[in-house]
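Now for the letters of each chain:
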Amino acid sequence: MEFAELIKTPRADNAVLHGPRCPAVRGTLCLTGHHLIFSSRRKEGGEELWLLHANIDCVEKRFVGSLGTIVIKCKDLRIIQLDIPGMEECLNIASSIEALSTLDSITLMYPFFYRPMFEVVEDGWRSYLPEQEFELLSSATDEWRLSCANKDFSVCPTYPPVVIVPKCINDEALRKVALFRYGGRFPVLSYYHKKNGMVMMRSSQPLTGTNGRRCKEDEKLINATLRPGKRGYIIDTRSLNVAQQARAKGGGFEQEVYYPQWRRIHKCIERFNILQESLIKLVEACNDQSHNMDRWLSKLEASNWLTHIKEILTAACLAAQCIDREGASVLVHGSDGTDSTLQVTSLAQIILDPRCRTIRGFEALVVREWLQAGHPFQLRCAQSAYSNTKQKWEAPVFLLFLDCVWQILRQFPCSFEFNEQFLIMLFEHAYASQFGTFLGNNENERSKLKLTQKTMSLWSWVNRSEELGRFKNPLFEANSLVIWPSVAPQSLQLWEGVFLRWNRPSKFLDEAQEEVLNIINYNRELQAKVNALRRQLAELETDDRMQENLCCDGRGDGLALAGFVLSLLSDILWGETRKISQKDLRVSSN
């Protein structure tokens, strides 16, 4: 199929663009196979918009006389209005945008046509391979192995070709366990806690059914993670009622009689249409500028978005607590093991593992716990909050995870190497991107699409030094401790950087960020001066050991002066450092 067949009117002159927080601009609108391009007529400082068709969630049309208006609602929550002179021209452009934004074939999407304009220094497709993660694990323990039982995706179509399993479990046993788990998703290693050797595994629900079916190989695999005399915890992300109902459909849960060393805990996390409806209600509330305080708070509560955040964080904290404080291993699963399970395992690692709070560590986490683990990005992110055609499989699962990370980042602003913009960037690229990283639903599909050969990895772009600076947190100080976020309602806030960024000016936020950077740079300058004076002071003390001669040759005055200046600069440094917390930047009030 040629893109030209879908473009009825490739260009419209005298169009008017109404963008978020921007004055109306007159210019030329052009349609290409993958972009909507708007360019204003101004010769200097002209407006230019490049919008991926894949980022368009919904197109609405309305007419006043011969003037047509197209309202484009985007997956990144932007709303753009285009005024097109001429009814026929407007209808042609609208139908072309609708066709180009709903292409059926993945291979027609922009990542297969994109050619980078930057020098590719790092092949992002090879940055976070399972073998590399296993090397890190091998330095801490020899109780695990890499299994290639799924090398042709025949054991589990949604798992990667290589997984980490207990060394005492052979591949034949894994195949039997896969038949006992929904979708073949047998228990695999998610995280190893170096502090005490406890582990977190993930899987899908067991197929016990109404007859109470069992699998001895499954029991052996799970028990292989336990230390002698220790118990483990199974965290089921469904309510007990839902888990019991699943038995009637062939699913179920681990029965205590066959897993006596394991205690099952149910932590209900909602799925699919409930989450999608929650996102729709939240975005609708954020876009409505007319309601008063009571109505705003009522709509925010009715969306239940922050309730979902609380549920997910609570389950993640429970998993982390079992591992770190109880000294117990954990198995996490829901029904499929591709949504709420991954939210819990990845957030628990952010709480427990300082590496996951660095930029590269977080990228590795997304690859390991979301992309390789089989989260169906193509299905879940097919639509955002505006689409009129409600399908069954869309859900903001990954966005909820990023929101939870932002909540923790806000509570521990110095413990993360990356900033809020890094999380927003991942949200945007998960829904629409020039890179192939988030295409497909699992490694099996990505392998068939040959994404590593035909598309560019997001990490190849992000990890360039020119880009990394935008995503680094200036307040970061490496913290090797476990961090415990609060899940109290008072501690959770609306993520304004995502849900309100198109509705209100960012001037004050930008000014606050600039002030933070100024304070940090000034702090570094003072710290450098203090260190230099300390070195000079140490040299003076070393050069002359004869204390009785200091007063005679005048060095005593120099030494005293240096000490005075050092003390003064230390006081200034302390005062400037405290400004960051005392000033509080007044972001909220602005």
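See the structure printed just above.
Some words on the overall build of the protein
The number of helices and strands found in the protein is 21 helices and 14 strands. Summarising its shape, the C-alpha atoms of the protein cover approximately 95 × 75 × 50 Å along the three principal directions. Here the protein holds 590 residues, and the buried ones make up 52% of them. A separation threshold of at least 6 residues defines the contact pool for the protein, and within that pool the share at least 24 residues apart is 70%. Summing over all exposed atoms, the protein offers an accessible surface of approximately 27800 Å²; the carbon and sulfur share of this is 51%. Side chains of the protein give 71 positive and 71 negative charges; the mean places of these two sets differ by 6 Å.

Things to note about the sheet that holds strand S12 (residues 232-236)
The strand order S10-S11-S14-S12-S13 describes an open sheet built from 5 strands, whose pairing is mixed. Strand pairing shows two members of the sheet lacking a second neighbour, strand S10 (188-192) and strand S13 (262-266), which therefore form its edges. For this sheet the average axis-to-axis angle between neighbouring strands, irrespective of direction, equals 25°. Bridge count for S10 against strand S11 (residues 199-202) is 4 bridges, and the pairing is antiparallel. Looking at S11, one finds that Tyr-191 is bridged to Met-200.

Describing helix H4 (residues 216-223)
When H4 is considered as a whole, its buried residues turn out to be Asp-218, Glu-219, Leu-221 and Ile-222. One face of H4 carries all of its buried residues, which in axial projection span an arc of 160°. Among the exposed residues of H4, those pointing more than 90 degrees away from its buried face are Lys-216 and Lys-220. Of the surrounding secondary structure, the elements contacted by the buried residues of H4 are strand S9 (163-166), helix H3 (171-180), S11, S13 and strand S14 (329-333).

Describing the nonpolar core
With 94 residues, the main nonpolar core has Leu-347, Ile-350, Phe-362, Phe-398, Phe-401, Leu-426 and Phe-499 as its most contacted residues. If you tally residues by element for this core, the top one is helix H8 (residues 305-324), at 12 residues. Leaving out residues up to four positions away in the same chain, Ile-350 has contacts with Cys-356, Arg-357, Phe-362, Leu-365, Phe-401, Val-405, Ile-408, Phe-416 and Ile-483. Val-165, Leu-174, Val-188 and Val-199 belong to the second-largest nonpolar core, a separate cluster that totals 29 residues.

Observations regarding the packing of helix H9 (residues 340-352) against helix H10 (residues 359-371)
In contact at an axis separation of 10 Å, H9 and H10 are set at 155° when each is read in the N-to-C sense. As summarised for this structure, H9 and H10 are arranged roughly antiparallel, according to the angle between their axes. Like other packed secondary-structure pairs, H9 and H10 cross with a definite hand, here right-handed. Across the interface between the two elements, Leu-342, Gln-343, Thr-345, Ser-346, Gln-349 and Ile-350 of H9 pack against Phe-362, Leu-365, Arg-368, Glu-369 and Trp-370 of H10.

Observations regarding unusual backbone geometry
If you check the backbone angles, Leu-77 has positive phi at about 80° while not being a glycine. By secondary structure assignment, the location of Leu-77 is in the loop between strand S6 (67-74) and strand S7 (79-85). Take Leu-77: its relative accessible area is 7%, and that puts it in the buried class.

Structural notes on the pairing of S6
Walk down a regular strand and you will see the side chains alternate between the two sheet faces. Within S6, 7 of the 8 residues are buried, which leaves the element mostly enclosed by the surrounding structure. Direction of pairing for strand S5 (residues 56-64) relative to S6: antiparallel, over a ladder of 8 bridges. Within S6, the residue paired with Cys-58 across the bridge is Lys-73. In this structure, S6 lies alongside S7, joined through 7 bridges in antiparallel fashion. Looking at S7, one finds that Gly-68 is bridged to Ile-84. Linking two consecutive strands that pair antiparallel, namely S6 and S7, is a turn of 4 residues; a positive phi of about 80° is found at Leu-77 within it.

Let's talk about the sheet that holds S6
Sheet architecture is open: 7 strands sit in the order S4-S3-S2-S1-S7-S6-S5, paired in antiparallel fashion. At either end of the open sheet lies a strand with only one pairing partner, and these are strand S4 (48-52) and S5. Averaged over all neighbouring strand pairs, the angle between strand axes comes to 30°, with direction disregarded. Sheet strands touched by helix H1 (residues 87-100): strand S1 (11-18), strand S2 (25-31), strand S3 (35-40), S5, S6 and S7. Its angle to S5, the strand with the most contacts, is close to 170°.

Looking at the pairing of S14
Most of S14 sits inside the fold, with 5 of its 5 residues counted as buried. The two faces of S14 match: Ser-329, Leu-331 and His-333 on one face and Val-330 and Val-332 on the other face are all buried. Here S11 runs beside S14; their pairing, made up of 3 bridges, is parallel. In the sheet register, Met-200 faces S14, and the bridge partner there is Val-330.

So, how was this worked out
Residues numbered from 1 in each chain as written. Predicted model: local features only at pLDDT ≥ 70, side-chain atom pairs only at ≥ 80, totals over all residues. Heavy atoms only, no water. Helix = DSSP H or I, 4+ residues; strand = E, 2+ residues; numbered from the N terminus. Buried < 20%, exposed > 50% of the residue type's maximum accessible area, 1.4 Å probe, protein only. Contact = heavy atoms within 4.5 Å. Areas by Shrake-Rupley, 256 points an atom, 1.4 Å probe, with all protein chains shown as cover. Lys, Arg positive; Asp, Glu negative; His and termini not counted. Charge placed at Lys NZ, Arg CZ, Asp CG, Glu CD. Pairing = 2+ DSSP bridges. Axes fitted to C-alpha atoms, helices over the stretch in contact; angles between N-to-C directions. Arc of directions from axis to C-beta. Core = buried A, V, L, I, M, F, W, Y, C linked by side-chain atoms within 4.5 Å. Parallel < 35°, antiparallel > 145°, perpendicular 65-115°, else oblique. Left-handed = near helix turned anticlockwise from the far one by under 90°.

The values are spatial; any link to function lies outside them.
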